[in-house]
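Coordinate analysis (summary)
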Amino acid sequence: MVLDSTTLHSSIEDPVLDRMNFLNEITFAFPDAVSFAPGRPYDGFFEVEEVHGYLRRYAAYLGSRGAGPAEVRSSFYQYGPAAGQIRELIAHSLRQDEELEVAPESIVVTVGAQEAMFLVLRTLFATPRDVLLLVTPCYVGIIGAARLLDIPVVAVPERDGRLVVADLDAAVRAERAAGRRPRAVYVVPDHANPTGSTLDLETRTALLELAGRQGLLVLEDSPYRFAGPGPRPPMLKALDRAGCVVQLGTYSKTLFPGARVGYLVADQQVRDGNGGVRLLAQDVAKVKSMVTVNTSTLSQAAAAGALLSADGRLSELSARAAEHYRRSMAETLAQLDRRLPESRRRALGVDWNRPDGGFFLTLRTGFRTGVAALERSAREFGVIWTPMEFFHPHGGGEQDIRLSISYLTPRQIVDGTERLARFVEAMGPASHDAGRRTESDAARDAGTGSGTERDPS
């Protein structure tokens, strides 16, 4: 049987679903290139034996709470509850690190934050009138999840790398005037992917005030919160007094991504037609039971053991990695300054932001940074990066680059920034017209027309 692609869900043909695979493909195609593309945690601190220790620690914890050998065995090997079996430990961790009091019943343990996004979107968005607001540029995973669920998205572009709450307010009003219902806004307030920016306390407060006034839910994605130096502003969820924030969390960037353990906190009340009240988390867990049934109990056990090893303090478990990211970011910025000093940056029309930690920073150029430019960069200069247009749902970022520093060694940072500077010089004003022709030629060869080659905008 041969299926016609027009009979499949329309998202299958959407370039947004190719973006993560494309970066993997180009990395494999140029194995000697230095890659600033992967948003992975640094794995130089991972030790296999630690995982065994975490599992033993969790088993001992269950035993100390009265579980017998059969119950402990079941907790590792059997299916578990859809909402998760380590919710009390997650609630304790939030209390320890964030002074945030949440009931375990308001937590759902998920297969990473990506599943948490999918579940909460499926639960909240009921009609074609419901729209999701995205502060852009934004994480490609939320764009893809919305696309798979046929949820319309509205971009709220940052200005000078910052969320302007007045722009979000205007977008909400415009959607309502057009007869649509702005249901939620998605934000990454700490060391955001892809920009590396962090919301200051004033912006956090203004965002929550707007959400409460407009009846807007805030989806707070916080994977990079402990990927930089402290002190850090309070979480949106910790500041929330109106019950607007659904927090999406993950241990992929802090403990280890291989476990694929995340969670969401959804303590909003839902009133049914009979006047009964339940937690939103209960409805999310119902959806999960039909998607992944439950999060791997073995993975939950490993994550739980790690949390127990530091009395729930994720900040303590992440301290060494956070210092590594701080040093790596500082070294990357220093090397960029060295390779592209201020006078040269002005001549080339190049600049970048300066996060103090996290995984990412944004480099702004004076040329088109699409797929064709990336392929040239990898092939001729041995350096890979991510086009920022990948992170815009409706176009934008066509001259910007995301650099991820999290996975690189100090030597790779030195070599990679040197190669990147040579690429930027080659794409500068003197060769700008040639660069544009190269992009057009690549697009024509791909059969998609000038300027759209595998354009993921």
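Refer to the preceding data block for the structure.
Report on the accompanying structure. Predicted, not measured: the structure shown is a model, and the values here were computed from it. (Residues numbered from 1 in each chain as written. Predicted model: local features only at pLDDT ≥ 70, side-chain atom pairs only at ≥ 80, totals over all residues. Heavy atoms only, no water.)

1. Considerations on unusual backbone geometry
With an omega of 20 degrees, the peptide bond between asparagine 193 and proline 194 qualifies as cis. Positionally, proline 194 belongs in the loop between strand E5 (181–187) and helix H8 (201–214). Each neighbour pair has its own omega, and for glycine 230 with proline 231 the value is -5 degrees, a cis peptide bond. Here proline 231 is to be found in the loop between strand E6 (217–221) and helix H9 (236–239). Even without being a glycine, histidine 191 presents a positive backbone phi close to 50 degrees. Mapped onto the elements, histidine 191 comes out in the loop between E5 and H8. Histidine 191 sits in the buried class, given a relative accessible area of 6%. (Helix = DSSP H or I, 4+ residues; strand = E, 2+ residues; numbered from the N terminus. Buried < 20%, exposed > 50% of the residue type's maximum accessible area, 1.4 Å probe, protein only.)

2. Regarding empty space enclosed by the protein
According to the stated counting rule, one finds four cavities of 30 Å³ or more in the structure shown. Considering only enclosed or pocket space, the largest cavity measures out at about 160 Å³ in volume. Taken together, 18 residues form the lining of the largest cavity, with Leu94, Phe226, Gln247, Tyr263 and Leu314 sitting closest to its centre. Counting only elements with at least two residues in the lining of the largest cavity, the list comes to helix H4 (87–98) and strand E7 (245–250). Its residues placed into classes, the lining of the largest cavity shows nine nonpolar, six polar and three charged. Of the volumes computed, that of the second largest cavity is approximately 130 Å³. Lining the second largest cavity are 14 residues; nearest its centre among them are Val135, Glu158, Val187, Val188 and Ala192. (1 Å grid on protein atoms, 1.4 Å probe; cavity = no way out; pocket = protein on both sides within 12 Å on 5 of 7 lines; lining within 4 Å. Points joined across faces, edges and corners; volume = space filled by probe spheres on them. Nonpolar A, V, L, I, M, F, W, Y, C, P; charged D, E, K, R; others polar.)

3. Let's talk about the layout of surface pockets
A volume near 1,100 Å³ is recorded for the largest pocket. Listing elements by their share of the lining of the largest pocket, those giving two or more residues are helix H1 (19–29), strand E1 (34–35) and helix H5 (112–124). For the lining of the largest pocket, the leading source of residues is H1, giving six residues.

4. Quick notes on the nonpolar core
Leu121, Leu132 and Leu219 are the most contacted members of the largest nonpolar core, which has 84 residues in total. The dominant element in this core, judged by the number of residues it contributes, is H5, at seven residues. When sequence neighbours within four positions are dropped, the list of residues in contact with leucine 219 reads Val120, Leu121, Leu124, Leu132, Ala184, Val185, Tyr186, Val187, Val246 and Leu248. Ranked by size, the runner-up nonpolar core spans 32 residues in total, among them Leu62, Leu255, Phe256 and Val261. (Core = buried A, V, L, I, M, F, W, Y, C linked by side-chain atoms within 4.5 Å. Contact = heavy atoms within 4.5 Å.)

5. Considerations on the sheet that holds strand E14 (residues 386–387)
In space, the four strands of this open sheet follow the order E11-E12-E15-E14, with antiparallel pairing throughout. Edge positions in the open sheet fall to strand E11 (351–352) and E14, since each of these has one partner strand only. Where E11 meets strand E12 (residues 360–364), two bridges bridge the pair, whose relative direction is antiparallel. The residue of E12 that forms the bridge with tryptophan 352 is leucine 363. Set on the sheet, helix H13 (residues 319–339) makes contact with E11, E12 and strand E15 (400–404); between it and E12 the angle comes to about 15 degrees. (Pairing = 2+ DSSP bridges. Axes fitted to C-alpha atoms, helices over the stretch in contact; angles between N-to-C directions.)

6. Here's the deal with the environment of leucine 236
Relative to the assigned elements, leucine 236 resides in helix H9. Put simply, leucine 236 and glutamate 220 are 16 residues apart on the chain and 7.0 Å apart in space, counted from C-alpha to C-alpha.

7. What to know about the sheet that holds strand E2 (residues 107–110)
Spatially, the seven strands line up as an open sheet ordered E2-E8-E7-E6-E5-E3-E4, and their pairing is mixed. Two strands bound the open sheet, and with one partner strand each, they are E2 and strand E4 (153–157). When strand polarity is set aside, the average angle formed by the axes of neighbouring strands in this sheet is 20 degrees. Pairing of E6 with E7, which is carried by four bridges, proceeds in the parallel orientation. Bridge pairing in E7 links glutamate 220 to glutamine 247. Each of strand E3 (130–136), E4 and E5 touches helix H7 (residues 165–177); the most contacted strand, E4, lies at about 150 degrees to it.

8. Regarding the pairing of E15
Taken residue by residue, a regular strand's side chains alternate between the two faces of the sheet. Judged by how many residues are buried, E15 sits mostly within the fold: five of five residues are covered. Here E15 shows a buried face lined by Asp400, Arg402 and Ser404 and a second buried face lined by Ile401 and Leu403. Alignment of E12 against E15, held across five bridges, turns out to be antiparallel. Across the sheet, residue arginine 364 finds its bridge partner in E15, namely aspartate 400. Relative to E15, E14 runs antiparallel, the two sharing two bridges. Within the sheet, the bridge partner assigned to proline 387 lies in E15 and is isoleucine 401.

9. As for the side chain of glutamate 220
By the secondary structure assignment, glutamate 220 is in strand E6. Buried and without a salt bridge, glutamate 220 has arginine 204 as its closest oppositely charged side chain, separated by 4.8 Å. Not counting residues up to four positions away in its chain, the partners in contact with glutamate 220 are Val187, Pro189, Met235, Leu236, Lys237, Val245, Val246, Gln247 and Leu248. (Lys, Arg positive; Asp, Glu negative; His and termini not counted. Salt bridge = Lys/Arg side-chain N within 4 Å of Asp/Glu carboxyl O.)

10. Quick word on the environment of tryptophan 385
Structurally, tryptophan 385 can be placed in the loop between strand E13 (383–384) and E14. As for tryptophan 385 and glutamate 175, which are separated by 210 residues in sequence, their C-alpha atoms are 35 Å apart. At a separation of 2.9 Å, a polar atom in the side chain of tryptophan 385 contacts the side chain of serine 377. (Polar contact = N/O pair within 3.5 Å; in protein donor to acceptor, adjacent residues only side chain to side chain.)

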